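Residues per chain, in single letters:
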Amino acid sequence: MFISKLIPLSEAISKIDENLKMTDIEKIHLKDSQGRVLAHSVSSFHNSPPFDKSAMDGYAVIAEDTFGASNSVIKELKIIDRIGAGDFSDKTVHHGEAIVIATGAPIPDGANAVLMKEYTNETGDDLEIHSQVTPGENISPKAEDIAEGDEVLASNVLIRPQEMGLIASAGYSEIEVYKKPRVKLIITGNELVEPSPELDKAKIINSNQFTIAAMIRSSGASVDISHGYDNFEEVRTAIDEATKEYDVVITTGGTAISKGDVVVDAVEDLGEVLFHGVALRPGKPVGAGIVNDTQIFMLSGQPVAAMAQFDVFARYYLFKMQGLDYMHSVVKRKATTKIPSQLGRTDYIRAYADDDSVHHILNRGSGIIRSMVEANSYIIVNENQEGIERGDMVDLVFFRDMAWPTL
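The model shown is predicted, which means the values in this text are computed figures rather than measured ones.

Rules used throughout
- Residues numbered from 1 in each chain as written.
- Predicted model: local features only at pLDDT ≥ 70, side-chain atom pairs only at ≥ 80, totals over all residues.
- Heavy atoms only, no water.
- Helix = DSSP H or I, 4+ residues; strand = E, 2+ residues; numbered from the N terminus.
- Rg over C-alpha atoms; globule rule 2.2 N^0.38 Å.
- Buried < 20%, exposed > 50% of the residue type's maximum accessible area, 1.4 Å probe, protein only.
- Contact = heavy atoms within 4.5 Å.
- Areas by Shrake-Rupley, 256 points an atom, 1.4 Å probe, with all protein chains shown as cover.
- Lys, Arg positive; Asp, Glu negative; His and termini not counted.
- Charge placed at Lys NZ, Arg CZ, Asp CG, Glu CD.
- Expected span 1.5 Å × (residues − 1).
- Bend = angle between axes of the 7 residues up to and from the residue.
- Phe/Tyr/Trp six-rings, centres within 6.5 Å; stacked < 30°, edge-to-face > 60°.
- 1 Å grid on protein atoms, 1.4 Å probe; cavity = no way out; pocket = protein on both sides within 12 Å on 5 of 7 lines; lining within 4 Å.
- Points joined across faces, edges and corners; volume = space filled by probe spheres on them.
- Nonpolar A, V, L, I, M, F, W, Y, C, P; charged D, E, K, R; others polar.
- Pairing = 2+ DSSP bridges.
- Axes fitted to C-alpha atoms, helices over the stretch in contact; angles between N-to-C directions.
- Arc of directions from axis to C-beta.
- Left-handed = near helix turned anticlockwise from the far one by under 90°.

Asks: Even after reading the chapter, I still don't get the overall build of the chain, so can you show me in this structure?
Replies: Looking only at helices and strands, one finds 7 helices and 26 strands in the chain. Compactness check: the chain gives a C-alpha radius of gyration of 31 Å against a globular reference of 22 Å for 407 residues, more than 25% above the reference. With respect to the principal axes defined by its C-alpha atoms, the chain has extents near 95 × 50 × 45 Å. Here the chain holds 407 residues, and 47% of them are scored as buried. The long-range fraction of contacts in the chain, counting pairs at least 24 apart against all pairs at least 6 apart in sequence, stands at 71%. Carbon and sulfur atoms make up 48% of the accessible area of the chain, which amounts to about 19,400 Å² in all. The average position of the 38 basic charges and that of the 61 acidic charges among the side chains of the chain differ by 8 Å.

Quick look at the structure:
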């Protein structure tokens, strides 16, 4: 039987880091890349734009021909060609001449500016102008955005819509990314049943299969779920098989420190228990291990504790194994009430906060799921703090900031 010992949160995170295993790399089409993480840096095949181009609809001109033009001083030019989008002109603009040009079209030889249509009157090939432009005005120069050979994105960057556009401009239709982790969620507990209007004595509805599975998906991973009973051989077999097929295995239930626990004992029998018991509230009886070179997180059966444990440990690991550093986006808020804590323990306290302050603290038992519904954040009290006084500024992380970023 594994002998449990409470360790600091920082030590538990270090043990996870030491055993971090990245997912494999796959090539996917750029259209499917939103929300994925680049496995390699991206260098451009092209200049973008690939030529000097018009920034608007108008007339390609020699800027000096427009000097002095105004509403009261009308100048005249002769139109010698017309360029539509995706087209070009092989004519050269000389003094006194202009070429009609569409937005994005290449600037013809000889021209050094584009005059907006709003400042002209066109009659056939005769063009009256009543405004002036300076050299380079309304022209997007070649390689203004990207130069050929430039590294446009480093590795381990999250691909958002704007990164997709940049990758496309660099000349890629496919890109290499880290694979999404495949997670096996094993829910243990003889007392657990499916949701139903009717509930037998001593039975509890299995809510963890919904909450933890959703949290796994919100960490950029896929999940398969199974339900096992509190039987050592059954749990041992389920863990052994799952670790041979999945990238990460997460269990809930069977981790209480006060007795021999089938999940922890099964992991110890199959591989190595990295830790079991962290100075953390809620979620002290959390465990982690390695079986068949696969990371296992052993979460509490208590719903709130399991959610907090997932946010602190499993979410952290799932982000990092996909090449994305995961750090809580911590903000400061003013506490509106006194918050007790004890030295040597890190607290993740359920809270509801707005833009200025934490209005009330939700720190009820770890089985009270409603408290997580009423909360929108955690107050983090580190192990070196002995409580927080009313009016103190506290560290706070919003639930919304923990999910896998895809925008």
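Asks: Any chance you could explain helix α6 (residues 303–321) here in plain terms?
Replies: Owing to its 3.6 residues per turn, the α-helix aligns residues three or four sequence positions apart on the same side. End to end, α6 covers 25 Å across 19 residues, agreeing with the expected 27 Å (1.5 Å per residue, within 8%). Along its length, α6 shows its largest kink, about 45°, at Phe310. With 19 of 19 residues buried, α6 lies mostly within the body of the structure. Immediately downstream of α6, the backbone of Gly323 shows phi near 85°, a positive value.

Asks: Looking at this model, I keep getting lost on the packing of aromatic side chains. Mind explaining?
Replies: For any pair of aromatic rings, the description consists of the separation of the ring centres together with the inter-plane angle of the planes. Scanning all chains against the criterion turns up 6 aromatic pairs. Consider the rings of Phe45 and Tyr172, whose centres lie 4.8 Å apart with planes at 35°: the pair is tilted. Placement of Phe45 in the loop between β2 (42–43) and β3 (53–54) and of Tyr172 in the loop between α2 (161–169) and β12 (174–178) is noted, with a sequence separation of 127 residues between them. Residue classification places Phe45 among the partly exposed positions, given a relative accessible area of 49%. Of the residues examined, Tyr172 reaches a relative accessible area of 22% and is grouped as partly exposed. Measuring from ring centre to ring centre gives 5.5 Å for Tyr348 and Tyr378, while their planes differ by 80°; the resulting arrangement is edge-to-face.

Asks: It is not clear to me how the side chain of Thr243 should be interpreted in this structure. Could you clarify?
Replies: Mapped onto the elements, Thr243 comes out in helix α4 (residues 232–245). On the basis of relative accessibility, which here comes to 3%, the residue Thr243 falls in the buried class. Setting aside anything within four residues of it in sequence, one finds Thr243 in contact with Val249, Val291, Asn292, Thr294 and Ile296.

Asks: What am I meant to see in unusual backbone geometry here?
Replies: Residues apart from glycine generally show negative phi values, whereas peptide bonds are mostly found in trans. At the junction of Ser48 and Pro49, the peptide bond is cis and its omega measures out at -5° in the coordinates. With respect to the helices and strands, Pro49 occurs in the loop between β2 and β3. Following Arg281, the chain continues into Pro282 via a peptide bond in cis, with omega recorded as -10°. Relative to the helices and strands, Pro282 resides in the loop between β19 (280–281) and β20 (287–291). Non-glycine residue Asp293 carries a positive phi angle of around 65°. Within the fold, Asp293 resides in the loop between β20 and β21 (294–299). Since its relative accessible area comes to 54%, Asp293 is described here as exposed.

Asks: Which parts of the structure should I look at to understand the layout of surface pockets?
Replies: The gaps left among the atoms become clear once a water-sized probe is rolled over them. In this structure, the second largest pocket occupies an estimated 360 Å³ of space. Secondary-structure elements contributing two or more residues to the lining of the second largest pocket are α1 (9–18), α6 and β23 (346–353). Of the residues in the lining of the second largest pocket, the class split is 9 nonpolar, 5 polar and 2 charged.

Asks: Would you mind going over the sheet that holds strand β5 (residues 75–83) with me for this structure?
Replies: The pairing of strands in a sheet happens through backbone hydrogen bonds and is either parallel or antiparallel. Strand order in this open sheet of 6 strands is β7-β4-β6-β5-β9-β8, and the pairing throughout is mixed. On the outer flanks of this sheet lie β7 (113–116) and β8 (120–123), each paired with one strand and no other. With strand direction ignored, the average angle separating the axes of adjacent strands in the sheet is 35°. With 4 bridges connecting them, strand β4 (residues 58–61) and β7 associate as antiparallel partners. From the neighbouring strand, Gly58 faces β7, where its bridge partner is Met116.

Asks: Is there a simple way to explain α1 in this structure?
Replies: Buried residues of α1: Leu9, Ala12, Ile13 and Ile16, and no others. Buried positions in α1, seen along its axis, are confined to an arc of 100° and lie on one side of it. The elements touched by buried residues of α1 are β18 (272–276), β21, α6 and β23.

Asks: Is there a simple way to explain the pairing of β18 in this structure?
Replies: Burial analysis of β18 places 4 of its 5 residues in the buried class, which makes it a mostly covered element. In terms of strand pairing, β18 meets β20 through 4 bridges, oriented antiparallel. Paired with Phe275 across the two strands is Ala288, which belongs to β20.

Asks: How do you make sense of the packing of α1 against α6 when you look at a structure like this?
Replies: With their axes 11 Å apart at the nearest point, α1 and α6 run at an angle of 30° to one another. Between α1 and α6 lies a crossing of right-handed hand. Across the interface between the two elements, Leu9, Ala12, Ile13, Ile16 and Asp17 of α1 pack against Val312, Phe313, Tyr316, Tyr317 and Lys320 of α6. Across the contact of α1 with α6, the residue classes tally to 8 nonpolar, no polar and 2 charged.

Asks: Even after reading the chapter, I still don't get the sheet that holds strand β17 (residues 248–252), so can you show me in this structure?
Replies: If you trace the 6 strands from one edge of the open sheet to the other, you get β16-β13-β17-β21-β20-β18, paired in mixed fashion. Looking at strand neighbours, the two that pair on one side only are β16 (222–228) and β18, the edges of this open sheet. Recorded for the sheet is a direction-independent mean angle of 20° between the axes of neighbouring strands. Pairing analysis gives 7 bridges linking strand β13 (residues 182–188) to β16, with the strands arranged parallel. Its bridge partner being in β16, Val183 is matched across the sheet by Val223.

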